[in-house]
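Spelled out, the chains give:
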Amino acid sequence: MLRAITLNTTRRHFGAVWNRSVSSLNFLFDDQNSASSTFNLQNRTFSSKSWNWSQSSSSNNSESASTLSSDDSDAENISPSVQSQILDECSSLHRSIMPLNEKIRGPLAKNSDKNTALPFVFLVGNHSSGKSSFINYVLGRSIQTAGVAPTDDCFTVVAPGPDDTDQDGPALIGDPDMGFSGLRQFGPTLIHHTQLKVRADTNTPSFMMVDSPGMIDSPVSQAGIPQGYGSGQSMDRGYDFQGVVRWFSERADVVLLFFDPDKPGTTGETLNVLLHSLSGMDHKLLIVLNKADQFKKIHDFARAYGSLCWNLSKVIPRKDLPRIFTMCLPNKTDGTDGSIGDGLKDLHQTRDDVLLEVMKAPKRRVDNIVTHLNDSVHLLLMHAQVAEDVQKKYSKIVWNNRVQELGSMTAGIGLSVLGFYAQLPMEFTGSAAALTVVGVGGMKWFNDTKLDEAESQLVSMEELSASFQRTHSREISDADEYTASIWQRIRDNLQLSLKSEGLSSYPSASSSEMDDLRRILDEEIPRLRRLASPNHFGSK
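A short tour of the structure in this document, coming up. Just so you know, these numbers come straight off a predicted model, no measurement behind them.

Each value, and the rule that gives it
Residues numbered from 1 in each chain as written. Predicted model: local features only at pLDDT ≥ 70, side-chain atom pairs only at ≥ 80, totals over all residues. Heavy atoms only, no water. Helix = DSSP H or I, 4+ residues; strand = E, 2+ residues; numbered from the N terminus. Buried < 20%, exposed > 50% of the residue type's maximum accessible area, 1.4 Å probe, protein only. Contact = heavy atoms within 4.5 Å. Areas by Shrake-Rupley, 256 points an atom, 1.4 Å probe, with all protein chains shown as cover. Core = buried A, V, L, I, M, F, W, Y, C linked by side-chain atoms within 4.5 Å. Expected span 1.5 Å × (residues − 1). Bend = angle between axes of the 7 residues up to and from the residue. Polar contact = N/O pair within 3.5 Å; in protein donor to acceptor, adjacent residues only side chain to side chain. Pairing = 2+ DSSP bridges. Axes fitted to C-alpha atoms, helices over the stretch in contact; angles between N-to-C directions. Salt bridge = Lys/Arg side-chain N within 4 Å of Asp/Glu carboxyl O.

1. Regarding the overall build of the protein
Thought 1: The helix and strand inventory of the protein stands at 17 helices and twelve strands.
Thought 2: Every one of the 540 residues in the protein was classed for burial, and the buried ones make up 48%.
Thought 3: Put simply, of all contacts in the protein between residues at least 6 apart along the chain, 79% involve residues at least 24 apart.
Thought 4: Here the protein has roughly 26800 Å² of accessible surface; of this, 53% comes from carbon and sulfur atoms.

Next up, the structure:
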């Protein structure tokens, strides 16, 4: 018996609440075979439109997609030509700002304008939380090794292809078309702990999935806080694990953070990753409490769920926590009599919700690329504005010093010339000239010493924050949290750039370059947003 699940979404536009059916995503599955399915999607076909450069989906997917009416599918899918136009324009605009970023030592990472060949879903979480099993379930093939103990210490990219083949890390990162060359910055240890698996006949020919090493418990300090908690970079794996997770998360279209009942968010590494690597990813981050079918008693579930919420509250600085998707994967013991209990039905429904978001990865790629461009331009513009303000203060100090030195020299020379024309004794004229040279030289030495002290003060975090407040006073008065978050992201890099280059030789952005950045924010990005947006009552 075939059953269809229709997802209706509610959109809010300009403060007016309005409801509109965005899409109808059909899940077709055979009830008689669902009980014996084991971590695969062979009995369940998702209606997901293929990405424009990928192979066409299987016949089952095509039949599923054909059940969508044109009205329902228009909101969810963008025509391939529009997708290509948006991606090409975003790539071109991003490339256009990279020279300025290099010029002023901006906050944008090298090759940040290059995207991966396909959209991808990134999975991160505790070891034995079910990440590998979930990948096997989604792809419909046993690709990743699953187990109770940690089974893999590599970042594994699983990509669709015509034949099964594997590549090691150097080959993957060295491939100019895959889009993972930016991982080279994390060193050879990370390179040799990365691999590519190309697999044919998967359920997802339109996007990739990236598995990560399971996060492991850290030692606990006497104060009860995991060692390294809140410390940022950690090299106990031989590379900056948190930095690598951040790199993948920024480029991923969907990020899944997995927890399991045995370790509901209690590992120090997990909390550090959530605090430092996944901050600002809320729009594409899904928190999953997997293996919820292992609970035998309700109070065990309540204790684990409460523990997870408590630990998340330590690193999520807001009152309302994000939704936690409590789910499980099917196993051979489910429904041996052809049915499942109400509790498992709820877990299976939540799993379907997660799968919905996973299958939207190709659609999310367009939105994420525009968002990435918007963030990059904001970061670079703020970097340039604050640096310009600091340079102006520095130039003012330099100018005042030069005026003092020039005034002293002019007064000394004038006194010497006056003595010469007044036919005063040569001792007076010579003494005046000597005092002028010594006085101006001493003043220059004193001013240069004070200038060095002033430069050190100007690049301190306190003065940089003062410059930020001057250049963004309107946003601060409006309590603009987005502007504050951008400042938090660039301030350390800005301070390092100013210190290493020196204010006297630090290159500044020209007015035309600043105008180009503002034009992208004010004109180009809104235009791209309209192209990527589904039709709605507020459309222009």
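Back to the text.
2. Some remarks on the nonpolar core
Across soluble globular proteins, you tend to see nonpolar side chains buried next to one another.
Thought 1: Among the nonpolar cores identified, the biggest contains 45 residues, and Ile86, Trp487 and Leu498 are the most heavily contacted of them.
Thought 2: Mapped by element, the contributors of at least two residues to this core are helix 4 (80-103), helix 12 (361-421), helix 13 (426-458), helix 14 (461-471), helix 16 (481-501) and helix 17 (511-532).
Thought 3: For this core, the leading source of residues is helix 12, giving 15 residues.
Thought 4: Membership of the second largest hydrophobic core comes to 43 residues, among which are Leu183, Val245, Leu285 and Cys309.

3. Digging into helix 16
Structurally, the α-helix is built with 3.6 residues per turn, so residues lying three or four positions apart point the same way.
Thought 1: Compared with the 30 Å implied by 1.5 Å per residue over 21 residues, the 30 Å span of helix 16 between its first and last C-alpha is a close match.
Thought 2: Along helix 16, the largest kink reaches about 40 degrees and is centred on isoleucine 490.
Thought 3: The N-terminus of helix 16 is capped by aspartate 480, whose side-chain oxygen sits 3.0 Å from the backbone nitrogen of tyrosine 482.
Thought 4: Positive backbone phi, at 85 degrees, marks glycine 502, one or two positions downstream of helix 16.

4. Quick look at the sheet that holds strand 11 (residues 285-289)
Across a sheet, paired strands are connected by hydrogen bonds in the backbone, their directions being either parallel or antiparallel.
Thought 1: An order of 7-8-6-9-5-10-11-12 is seen for the eight strands of this open sheet, with the pairing classed as mixed. Taken across any chain shown, the strands that pair with only one partner, and hence form the sheet edges, are strand 7 (165-168) and strand 12 (324-326). Each strand of the sheet is rotated relative to its neighbour by a mean of 20 degrees, with strand direction disregarded.
Thought 2: Note that strand 5 (residues 120-125) and strand 10 (residues 254-259) share five bridges and pair parallel. By the bridge assignment, valine 124 is partnered in strand 10 with leucine 257.
Thought 3: Along the sheet face, helix 5 (residues 131-139) touches strand 5, strand 6 (155-160), strand 9 (208-211) and strand 10 and points at about 165 degrees away from the line of strand 9.

5. Details of the pattern of salt bridges
Thought 1: Enumeration over the complete set of coordinates arrives at 18 salt bridges.
Thought 2: Between glutamate 250 and arginine 251 there is a salt bridge, with the nearest N and O atoms lying 3.6 Å from each other.
Thought 3: Overall, the relative accessible area of 31% leaves glutamate 250 in the partly exposed class.
Thought 4: Relative accessible area serves as the criterion here: at 15%, arginine 251 is assigned to the buried category.

6. Some words on the side chain of serine 129
Thought 1: Structurally, serine 129 can be placed in the loop between strand 5 and helix 5.
Thought 2: Judged by relative accessible area, which is 0%, serine 129 ranks as buried.
Thought 3: At 2.6 Å, the side chain of serine 129 and the backbone oxygen of asparagine 126 are in polar contact.

7. Description of the environment of alanine 484
Thought 1: Of note, alanine 484 is situated in helix 16.
Thought 2: For the pair formed by alanine 484 and phenylalanine 468, sequence separation is 16 residues and the distance between their alpha carbons is 9.5 Å.

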